[in-house]
Amino acid sequence: QVQLVESGGGLVQPGGTLTLSCAASGNIFSMNKMGWYRQVPGKERELVALINSVATTNYADSVKGRFTISRISAKNTVSLEMNGLKPEDTGVYYCHADLWTDVENVVVWGQGTLVTVSS
């Protein structure tokens, strides 16, 4: 079994900075990709940023140039540094991992952490 533990959400003023972190633990043989999605009420969950096993990154257009995703492979940990935050960045941010256990490929989600951008 694999678990994702997120941290770092909270309230921040527009233009501010927050860093989210996510640590994966459990029966992990190899990690394909990790990243973050976000969701607001009434809307579908959307991609924010992903990083794969060779450090290739993928960002939503709305966050390019403001958010940076990084990964510590040895610790199966991913961080998302969010700069220049805007009110429209508000939402629940979910950590996502696509990985192999010793027997199968699985996709795992964290419990979500709330980010609120407001003055």
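Report follows, based on the coordinates. These numbers come from a predicted model, not from an experiment.

Conventions we followed
- Residues numbered from 1 in each chain as written.
- Predicted model: local features only at pLDDT ≥ 70, side-chain atom pairs only at ≥ 80, totals over all residues.
- Heavy atoms only, no water.
- Salt bridge = Lys/Arg side-chain N within 4 Å of Asp/Glu carboxyl O.
- Buried < 20%, exposed > 50% of the residue type's maximum accessible area, 1.4 Å probe, protein only.
- Helix = DSSP H or I, 4+ residues; strand = E, 2+ residues; numbered from the N terminus.
- Pairing = 2+ DSSP bridges.
- Axes fitted to C-alpha atoms, helices over the stretch in contact; angles between N-to-C directions.

1. A word on the pattern of salt bridges
A side chain with one charge can pair with a side chain of the opposite charge if their charged atoms come near.
At step 1: Per the counting criterion, the structure on display carries four salt bridges.
At step 2: Note that D61 and K64 form a salt bridge whose closest N and O atoms lie 3.1 Å from each other. Each member of the pair D61 and K64 is classed as exposed.
At step 3: One salt bridge in this structure joins R66 and D89, with 2.8 Å as the shortest N-O distance. Note that R66 is positioned in the loop between β6 (57-59) and β7 (67-72) and D89 in the loop between β8 (77-82) and β9 (91-100), a separation of 23 residues in sequence.
At step 4: Accessibility expressed as a relative area gives 1% for D89, which makes it buried.
At step 5: Linked through salt bridges whose partners overlap, the residues forming this network are R38, E46, R66 and D89.

2. So, the environment of E104
At step 1: Position of E104 relative to the elements: it lies in the loop between β9 and β10 (105-109).
At step 2: When its relative accessible area of 43% is taken as the criterion, E104 is described as partly exposed.

3. Some remarks on the sheet that holds β7
At step 1: Read across the sheet, four strands follow the order β1-β3-β8-β7 without closing on themselves; strand pairing throughout is antiparallel. Either end of the sheet is taken by a strand with one partner, and the two such strands are β1 (2-7) and β7. Between one strand and the next, the sheet's axes are offset by a mean angle of 15°, whatever the strand orientation.
At step 2: Here β7 pairs with β8 via six bridges, running antiparallel. For I72, the partnering residue across the bridge sits in β8 and is T77.

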